[in-house]
Amino acid sequence: MILLGLNIDHCATLRQARYRDAGTTTGGPVEPDPVTFALLSERAGADGITVHLREDRRHIQDRDVWRLRECIGTRLNLEMACTPEMTAFALKLKPEFVCVVPENRQEITTEGGLDVVGNRDRVRACVDAMNAAGIKASLFIDPDEPQIELSAKLGAPFVELHTGAYATAFHGPRRAAEFQRLRLGAVRAHDLGLTVNAGHGINYVNIAEVRTLPHLHELNIGHSIVSRAVFTGIDEAVREMKARMRG
Ligand code: PXP
């Protein structure tokens with residue numbers, strides 16, 4: 001069964017839209033609380049909680065991450081930039097997983113995959129530190145052979161294949177090609193001994209095809225579930241996605 005890692009960043013986006021300057025992340029009128037969102041998601045069947053502590057702190061704040069570390073009962077996956085500051089933060093936090101992502105201050109969300117090939121030494125330092133601390137590291141990469149091969153060589157136990165290009169192409173002529181790229185990437189990663197996760201832009205429609213990718217261990221899904229929850233509530237939004245993941 002494919003696991004669901006629920007990315008709750010956009011619950012925090014909604015809170016920050018109103019309470020960025022409140023001086024607190026919880027209490028009083030400050031809502032919605034991403035930690036409450038996480039706990040309700042777990043009760044509805046999420047297998048893990050994912051947050052991206054961005055350098056610009058545009059959504060998730062440090063205190064959210066520490067509260068999650070204390071409260072959740074599943075597994076915490078910290079998405080982080082490949083920097084010495086974030087590596088030090090992760091070593092203190094000790095999440096079960098980290099997912100190393102590229103970060104560019106201007107982007108609306110994570111755009112391309114991590115360039116492992118172009119940042120080999122930095123990525124190696126981060127992966128080595130996580131392996132030594134017993135934190136499972138995943139590298140968020142485009143499904144391209146050189147990135148996959150180097151990820152395996154550097155000793156990362158997981159990769160998360162970036163499904164964003166596929167999701168963007170979903171209603172256009174490049175959909176089949178992007179899906180095939182993901183399929184070949186998943187096979188190659190699996191052959192090299194990597195555990196294969198995927199994420200970005202997965203929704204209630206494209207999940208029907210995404211779930212057929214070979215060797216999938218976990219999908220990290222955020223925006224579509226948080227958006228659906230606005231209408232249906234968290235419980236139904238999570239249960240519906242889990243049902244579609246099962247097919
Ligand atoms: N995986 C990674 C590495 C991401 O950066 C994101 C977006 O924050 C996601 C998954 C979730 O993407 P979406 O919100 O489009 O489901």
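Scroll up to find the structure.
Residues numbered from 1 in each chain as written. Predicted model: local features only at pLDDT ≥ 70, side-chain atom pairs only at ≥ 80, totals over all residues. Heavy atoms only, no water.

**Student:** Would you explain empty space enclosed by the protein in this entry?
**Tutor:** Under the definition given, this model contains 2 cavities of 30 Å³ or more. A volume near 50 Å³ is recorded for the largest cavity. What lines the largest cavity is simply Asn-77, Phe-97, Val-98, Lys-136, Ala-137, Ser-138, Phe-158, Glu-160, Asn-197, Glu-218 and Asn-220. Of all the elements in the fold, those that place two or more residues in the lining of the largest cavity are strand E4 (97-100), strand E5 (136-141), strand E6 (158-162) and strand E8 (216-221). By residue number, the principal contributor to the lining of the largest cavity is E5, which donates 3 residues. Split by residue class, the lining of the largest cavity holds 4 nonpolar, 4 polar and 3 charged. Counted as a void, the second largest cavity has a volume near 30 Å³. (1 Å grid on protein atoms, 1.4 Å probe; cavity = no way out; pocket = protein on both sides within 12 Å on 5 of 7 lines; lining within 4 Å. Points joined across faces, edges and corners; volume = space filled by probe spheres on them. Helix = DSSP H or I, 4+ residues; strand = E, 2+ residues; numbered from the N terminus. Nonpolar A, V, L, I, M, F, W, Y, C, P; charged D, E, K, R; others polar.)

**Student:** Any chance you could explain the packing of helix H3 (residues 62-71) against helix H4 (residues 84-93) here in plain terms?
**Tutor:** A packed helix pair is summarised by two numbers, namely the angle formed by the two axes and the spacing between the axes. At a minimum axis separation of 11 Å, H3 and H4 run at an interaxial angle of 30°. Of the possible angle classes, the one that applies to H3 and H4 is roughly parallel. Crossing handedness for the pair H3 and H4: right-handed. Listed contacts from H4 to Asp-62, Val-65, Trp-66 and Arg-69 of H3 are Phe-89, Lys-92 and Leu-93. For the contact of H3 with H4, the residue count by class is 4 nonpolar, no polar and 3 charged. (Axes fitted to C-alpha atoms, helices over the stretch in contact; angles between N-to-C directions. Parallel < 35°, antiparallel > 145°, perpendicular 65-115°, else oblique. Left-handed = near helix turned anticlockwise from the far one by under 90°. Contact = heavy atoms within 4.5 Å.)

**Student:** Explanation requested: the side chain of Thr-163 in the structure shown.
**Tutor:** Note that Thr-163 resides in the loop between E6 and helix H7 (164-169). Among residues more than four places away in sequence, those in contact with Thr-163 are Leu-182, Ala-198, Gly-199, His-200 and Ile-202.

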